[in-house]
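So you can see what is in the structure, the chains are spelled out below.
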Amino acid sequence: MTSADLYVQTFLKESEIGQVYVKGARIWVPDAENVWLGAELLENYTGQKKIKIQLEDNGEEREFEIKDKKRLPHLRNPEILIGENDLTSLSYLNEPEVLYNLKVRFLESNCIYTYCGIVLVAINPYEQLPIYGNELIQMYSGQDMGTMDPHIFAVAEEAFKLMSRFDKNQSIIVSGESGAGKTVSAKYAMRYFAMVGGSQKETQVEQKVLASNPIMEAIGNAKTTRNDNSSRFGKYIEISFNKNNEIIGAHMRTYLLEKSRVVYQAAEERNYHIFYQLCASKDLPEFKKYCLLSPDDFYYTSHGQAPEIDGVDDGEDLVSVREAFTMLGISEKDQMMIFQIQSAVLHFGNVKIREADGESSEIKKDDKHLTIMCKLLGIEESQMRMWLCNKKIVTVGEVLTKPLTLTQASFAQDALAKHIYAQIFDWIVEKINKALQSGAKSTKFIGVLDIYGFETFEINSFEQFCINYANEKLQQIFNMHVFKLEQEEYVREAIEWSFIDFYDNQPCIDLIESKLGILDLLDEECKMPKGSDENWCQKLYDKHLGKAKHFEKPRMSRSAFIINHFADRVEYQADGFLEKNRDTVLEENINILRASEFELVAELFEEKVDPNEKKSRAGSATTHPLRQAPKGGRGSNKKTVGSQQVQKATVGDQFRESLHKLMETLNATTPHYIRCIKPNDTKEAFIFEPKRAVEQLRACGVLETIRISAAGYPSRWTYPEFFQRYRVLAGSKDINRSDQRKTCENVLTKVIQGNVKKTPRGLEDPDKYRFGKTKIFFRAGQVAYLEKLRSDKLKACGIMIQKHVKGWLARRRYQRIIKSITLLQKYGRGLLARRHAKFLRETFAATRIQKHWKGYKARSHYIKVRKATVIIQSAIRGFFGRILFKKELHEHRAITIQKLVRSWLARKRYKRVMRGIVLLQSHFRRRRAKKELKQLKIEAKSVEHIKNVNKGLENKIIQLQQKLDAKNKEGMTIKEQEVYIKQLKTEMEKLRSSSEEAKKSSNKITDLIQQIKDLQEELSKEREEKQVLISEKEELVKEHTQVLSKMAEEKCKLKEELEEANLKLQQQETSTDDVLKRKLEEATQQLQAEFDSERGHHQRLVKEHARLQQRFENLQSEMQMVTSPHGHKRTPSDISAISLESYTSSASPDEVKYEEEGPEDKDQGYGTKKKKKAPAPPVPTASAMEKEMKDVDVGLILRLQNKMKEIEQQKTKLEERLRQYEDEGHPQTGNSDAVISNSAFDALKQQLVNADDVQLVIKLQKRVAELEMTKSKLADELDERDDEDEEKSGFKITTPEYAYNNLKRMNGHVDKEPPYDNKEEMQELQNENDKLKREVNKLMKSISENVSFEKGGTNSPAGKEFMDQFTAMADELDRRREECLQLRAMLAEKSITTHAIAKESYGGNDDLVNEDNELALAYRTQKELNRLLENQLQKTEKDIKKKEEKLKREIKELKTENEAAQKIINQFNSITRNLQLGPEAKIEATMQHEITRLTSENLDLREKADKQADQIRKMKKMLKVYAKKLKDGDVAEIEAELEKDDKQKKTEDNVATVKHLDRTYMGMLEYKKEDEGRLIKCLIMDLKPKVAQGLLPGLPAYILFMCVRHTDYINDDEKVRTLLTNTINGIKKCVKKHNKELERVILWLANTCRLLHTLKQYSGEKTFQSENTSRQNEHCLRNFDLSEYRQVFSDLAVWIFQTMIKYMEEVIQPMVVPAVLEHEAIAGLSASKPSGMRGRSSSTQDEDVRELSLDTLMKSLNKYNQVLSQHAVDPELVKQVFRQLYYYIGSNALNNLLLRKDMCNWSKGMQIRYNLSHLEQWLRDNKLNESGAQSTLEPITQASQLLQARKSEADVDSICEMCSKLTTAQIVKILNLYTPVDEFEERVPISFIRKIQERLKSTKKEEDNTLLIDTKYSFPVTFPFNPSSLTLDSIDVPEALHLDFLTRV
């Protein structure tokens, strides 16, 4: 019976046919190309053989021939039934309707899943669709199968629920032909189970289950002509679950691996993926030894000539396979061994066997592939070479060796290759199963069967036979299961039914597997020594031909046979059946492999006991799957074991046995079926070929399900749904609302079994429907008939309504016309009257306007003439006056010019006379001066004259010194005046205290300001004098530039040489730096890798913060020991930044940049600039710290030693350069403090030898940093020397040392001149040196008084460094003193007579000593030097001040270093304690250290920021005050204001003091240390919400803060810390313990927020005191800064808020869909349609489910609002709560709408919008409309509006604008799901949806393709500051809290 006969033969009688097949009836007609075409009857059918029809596609009219009345064409369903989720809900169940419905869903709606009874039909889209995300899994989790759209997740959820509820094992059977998507479907099913059954522990078995997929695809999948990833084996995966429904393990069984693919592939096909993945990775270093080539170069991978797959990267796939191997616990060694064996198989295929003499074969001796294969497998090449071409025959008395022919040897070669691959395949499966096993007990499982579908090709062989045999067995189970479900449904509803005849394929199965069946005859023929395929085929003919209806013989062949399977007739070619069934391999080859030197290879071929083996007589034989077998020499598959021969089970036996076990497993489980359909053979996306689809539908049993359903009662309706849909057909007297079943019976009796005249189909046949207990069962076609009646009734009602409405509209239009005419007449007459009145008014007005206008014009003309006359008169009078003025002015100027000219002439004459007089005088005086000059030269040669000159010089020097002292005294007086000015300023500030003193001092302030101005004038004068001196200096510089030009040239040459030396030195330094950097990078790479892995682990631990919180509570005692003892203001981590950096790397990346940093940047303590800017250091792992502590990294120490030696060498080179530079005449600038002595290096080396702890590593790193700094300083010093040379060339002397050395050089020149006494100058230099020394000693003394350099009796590093610097400076001063003494002695020696000078230098000629005025030149030089010395003294003072500031900064840095060292010691102790803990405890401790450290740093930064902000505010205020002072008029006003403020402060202080003296209660609660636990227990753990409701809101928070106030009052740091810590822990425990008690959670959310606000309000910070009263300000904390605890309480409040929201969402989650989507508040607006009501879910429990509606949801929201109000939760927080809840409601509703087709219609859109309006009204009623909650409903609101909107092309823009909150994917999904409920609605055309997509694409720049909204999204939680108006002293502690141990203070 075919599906074409279903309707007519089953239901229609001859009397009914004429009433159904009438003109206009829609039918299906067969078509050769499209299978079925839609048509319409053009005439009634009355029994004629031909009938006229019209095709719907092209409108063609034709005649359809009807050969038999019982084979009439199929009827079509109404349009409203097209596109249904379940095919069985169609009214007419037939093949064309099934095919058309699938096509519409696939092409128009892009829905690839459709139900067909219990079967899920999945069509392969050949495109990646976004319908498998985790959010979709969450949506389907917990839902019934029929509530959501068809999906593989729905089937998986159904199986999971049946297993979890009834503890019954389940199976999901995925079938289909190659390329239909079976593997992907099975993969997604397993992924669903992994998500919903994922263990919360760390086993993560579900990840291992998913990890097995890439491995099995690599070794078991291949490319075929139909599929790029075809599974060439069957597999059944059992996923095991425990009692808690968590995955605990899995097990995989495989079936019939296609081994023949290893050695041969058809055209355009590939071998298994793993071979191509290996070839793609041949360039990897670890694969070099495999000698891999490209796939085209290997024989086994080159048959198909298609080595690549589009869009697939084989190299990346191999990486995924290796990662999966690692996850499953397969070691790297075993992985490489697997790849090695598979590479050996590839090389084995390239081994060439050639024909030898006679009937033998051989292999070339130089065959490299054989050598590589033997090397990779670890076997002997000679043995393999021999036994590939020979075989061993065992007889009774001897063992013979027989050579193999070329064909036999080739068969043996291929058989061995297949066997090796099959063994490694089985070994991998076994390893995977071991990895997936679990020690826990498995109570139930879900099996996923991914097995090949029915196959038929042009040439079908043994593999297709086994596949189709397996599908016959599966189809039998499927038919029985479908029949069983139908029977159970009828029995459950007490329906009388007759037996349904369904197809039973047991005869076909018996033909294959029964005794003497096909498999038995095949095994028997395999045992025969001379057995052949032809003989076996002849036996089949003899046994079954003509006897079995499923067996046939082809006409033209004697080596083939035909089996009529349930899906199709298949012709099998018998060639190769025997060899494939034997599947034998030469025993000698196996023995060679067993002797492999590799353990894995030998393990693969070990002897295993096979229970299927049978004893028999036989030898060994060869096999080849696809090549033609040899004509002679056939044997059987026997192997020798000792003296007996054991028969190995054939492939057919093994497959039959495994299939039998599979059937037993499936029969013991509840099956779920997924049938995968391949829509086309070209693998194009969303292309549907009806021919290919209908072939698969027939083969997979979908149409059989339809046939069984159609044979019974396919349409099923519950009584309420039927009444709601079809009550329009009933009269009022037929309706009985109390008994809906009675009403339905009345309707059906009247409609279907009524009078024939009234109802054309009213037949007295009770078989048309049946009444069950809860449902009505209809035969096929009855629902369509009911729909037709309903449509006719609605049309008639519509016509009646239209008649009355049109009449009413006509009357209304007539009345409007009459009324309009009357109004027109009335208004027309009024208009004419108004026009006449207007004319009269305008005439009167015009007359008056003319009168006034004419008068105005006359007056204007008169005024204009008068004004012009006045202007003309004034102009004439002015003209004459100006002429007179010009004349008088001309006369006055002429007189003045005459006066000036006459005086100029007189002066000119006088100057000319005077100039002549002066010339005469000068001439006379010159002659007299020459005479005097000769006389002076004679006198100058005498000794007395020289002495007088020297005395003059000494006097000049003394005068200069005195002048310098005077200037210094003047500077001191100026400074005293400045100090005095400052004192005056302070007095001015004091004068602001009272108004009377301010008024009296106003005159004094003006005097002081005048004095300041005078002083400023004096300073300006002094500056002018200084500028004069500077100008003189510049003139002198210009004079000496010529003298020093030669020196400048020499300096330039020296500079060039120095630059060349510097370049060489820089090159050497860069080379050494590069080498050093490379070494450091190599040294840190290993540590960095470990760091990265540990950092990733740390991040994962942070994500599990919730779980670690519980463990954190158990470690509180240790945390108290670990935390810093410095108090609550700062709790830094003991793990400092320095220690962390020392643990992580010996040379971190920061150290590479260390040379570029200054000394200030090298501080690692808290609060430094570097620490503020630098990111948090990485966290050291416990393993790394343990390793560092057990044994210090010797390699690290050696590297540091080497680096120190290199830097020491560089330092030595730089010092040598510096000495050379000084020897050439360049002095040192005093940077001796930066040089490290060699003794320090020796001491450090000695410490390195004795290194035994981590602190040594820290010292080494610090020492390296110091050396780097020294190196940089030396380099900078050389640069400074170069700069000094440049400045000297310009005669810019900037240092006292240069002046001193220049003086020495000058004295060298003076040796040749007449000596003069420089004792005073030397004394002056000595005085300056003594002065500098005294200042340094004074500075040293002050530093030693302020800083302690002793730590436990030994100098600290900072102290040593400072003492070294001081010693170096002292040595430098001593050296300078010795040079002064030497210079003094040298001057004394050089003080000789002029005669001695002349004798020594001028040959005794005294006249030449001062011939060129050398002494005058020396005098001027000495004068210039004195000025320079004066300038240098001033600069030296400035330098001393700078050094003093620098030393102060260094002192601060030393202090921070001391603190850091102390922290390192504490950290060392804590690490030592942590290492004694376990691994988890170490990680916990490390995390807590880091968290504490970061918290303390944040607190320090906040403190500093607050202090700086306060200072800035104070400074701004002071600046404003001073700015206002400068204004004369505002001074008094400012002083009055300040006086008022001071008075107000005094008044407040006085009032507070009075209250303090009078009050008896201070707002504190005192408790004892031992009562702290009782306080937490009574106030937190035992406090019940009912008790708290009767108390003051927030009372627990107030009590806790009052206790904190007392600890602040007594300044007990430890007590406040333990109290707050225990409070936090107590609240956490209470909330965790009672997380399902909403009132308790809200109670502590309110109190935590109140405590947080109270801590802010009484913190003493001004920002939180703006609303405080004076009394509340008195209660502020005085000693403690609890800002860090405020952050902790804020985090705690966020956690409680999230816990509360999570519980609320869990409660309202089942209410959302019934309340928003399903609730029908509008009466009479039905949204249901004839869906058939087939109960999709068999897992629904029988218990009565509580009715959920919109009222239920509203009640829950009211309850939440009430509880929040009772506990006085902040209003802003309440708004955030309901915003989050409304977002959850809207997102859940929208996600469900997007997955439910039955909700997407106009009526349901109206209902949803009405339900949402109730939710919005609730917000307005509770004054929450401003919380932002209403905006979260916008997406679901717009979705409901989209359902109601018109959907024509003119509405595209309006729809796009309306749906602004919906994504493109969501809009398209809703439009695709939109389904009309009635025939009056229309479907959304595809063209409209495409236009919507284009419009959205053009408008939305950032396209968001997200389909589902993230329901887990959380809005940020904020806690706005909400101060309390209560004062603490007004709060009483009630007795109900049992806190009698608290004492009021």
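Parameters and conventions
Residues numbered from 1 in each chain as written. Predicted model: local features only at pLDDT ≥ 70, side-chain atom pairs only at ≥ 80, totals over all residues. Heavy atoms only, no water. Core = buried A, V, L, I, M, F, W, Y, C linked by side-chain atoms within 4.5 Å. Buried < 20%, exposed > 50% of the residue type's maximum accessible area, 1.4 Å probe, protein only. Helix = DSSP H or I, 4+ residues; strand = E, 2+ residues; numbered from the N terminus. Contact = heavy atoms within 4.5 Å. Pairing = 2+ DSSP bridges. Expected span 1.5 Å × (residues − 1). Phe/Tyr/Trp six-rings, centres within 6.5 Å; stacked < 30°, edge-to-face > 60°. Lys NZ or Arg CZ within 6 Å of the ring centre and 35° of its normal. Axes fitted to C-alpha atoms, helices over the stretch in contact; angles between N-to-C directions. Parallel < 35°, antiparallel > 145°, perpendicular 65-115°, else oblique. Left-handed = near helix turned anticlockwise from the far one by under 90°. Nonpolar A, V, L, I, M, F, W, Y, C, P; charged D, E, K, R; others polar. pLDDT = per-residue confidence, 0-100. Patch = residues over 30% accessible without salt bridge, like charges linked within 9 Å, V, L, I, M, F, W, Y side chains within 5 Å. Areas by Shrake-Rupley, 256 points an atom, 1.4 Å probe, with all protein chains shown as cover. Salt bridge = Lys/Arg side-chain N within 4 Å of Asp/Glu carboxyl O.

This part takes up the nonpolar core. Grouped together as the largest cluster of nonpolar side chains are 315 residues, with contacts concentrated most on F193, F561, M1700 and L1815. If you tally residues by element for this core, the top one is helix α53 (residues 1683-1718), at 16 residues. Those residues in contact with F561 that lie beyond four places of it in its chain are I518, W536, C537, L540, Y541, F551, E552, P554, V570, E571, Y572 and F577.

It is worth spelling out the pairing of strand β11 (residues 234-241) at this point. With eight of eight residues buried, β11 lies mostly within the body of the structure. Neither face of β11 is open: one carries G234, Y236, E238 and S240, the other K235, I237, I239 and F241, and all of them are buried. In terms of strand pairing, β11 meets strand β12 (residues 247-255) through eight bridges, oriented antiparallel. Paired with I237 across the two strands is M252, which belongs to β12. The turn linking β11 back onto β12 is made up of five residues, and N245 within it adopts a positive phi angle of 60°. Here β11 pairs with strand β17 (residues 444-450) via seven bridges, running antiparallel. When the sheet's bridge partners are listed, S240 is paired in β17 with F445.

What follows is about unusual backbone geometry. Even without a glycine there, the phi angle at E268 is positive, about 65°. Within the element layout of this structure, E268 appears in the loop between β12 and α8 (273-280). On the basis of relative accessible area, E268 is assigned to the partly exposed category, the value being 48%. In this model, D583 sits at a positive phi of 55°, which is unusual for a non-glycine residue. Locating D583 in the fold gives a position in the loop between α18 (577-582) and α19 (587-594). With relative accessibility at 18%, the residue D583 sits in the buried group.

Right, let's get into helix α13 (residues 406-436). End to end, α13 covers 45 Å across 31 residues, agreeing with the expected 45 Å (1.5 Å per residue, within 8%). Burial within α13 is extensive, with 25 of its 31 residues counted as buried.

Let us look at the packing of aromatic side chains. Applying the stated criterion across every chain yields a total of 36 aromatic pairs. Here a set of aromatic residues connected by ring pairs shows up, and it is made of F462, F465, W536, Y541, F551, F561, Y572 and F577. In this arrangement the basic side chain of K1615 is found over the ring face of Y1567, its NZ or CZ atom lying 4.3 Å from the centre.

Okay, the packing of helix α50 (residues 1613-1633) against helix α51 (residues 1638-1657) next. Geometry of a packed helix pair, given as the angle between the helix axes and the separation of the axes. At their nearest, the axes of α50 and α51 sit 9 Å apart, and the two run at 155° to each other. When the axis of α50 is compared with that of α51, the two are roughly antiparallel. At the point where α50 passes α51, the crossing takes the left-handed sense. Contact with α50, carried on its side by I1627, C1630 and V1631, involves R1640, V1641, W1644 and T1648 of α51 and no other residues of that element. Split by residue class, the contact of α50 with α51 holds five nonpolar, one polar and one charged.

On to the confidence of the model for the chain, then. Where the model shows low pLDDT, its predicted coordinates should not be examined in detail. Scored by pLDDT, the chain comes out at a mean of 76, with 72% of its residues at no less than 70. Note on residues 1124-1196: pLDDT under 50 across the span, and 156 contacts to partners over four residues away in sequence or across chains.

With that settled, consider helix α47 (residues 1572-1581). Residues E1572, L1575, I1576, C1578, L1579 and I1580 constitute the buried set of α47. Elements that come into contact with the buried residues of α47 comprise α49 (1595-1610), α50 and α51.

Bringing a nonpolar patch on the surface into the picture now. The grouping of I872, I876, F879, F880 and I883 at the surface amounts to a nonpolar patch, some 520 Å² of accessible area in total. Here I883 shows up in helix α26 (residues 782-940). On the basis of relative accessible area, I883 is assigned to the partly exposed category, the value being 44%.

Along the polypeptide, H1767 turns up in the loop between α54 (1750-1766) and α55 (1771-1794). Discounting chain neighbours no more than four positions away, the residues touching H1767 are P1585, Q1589, E1639, I1642, L1643 and A1646.

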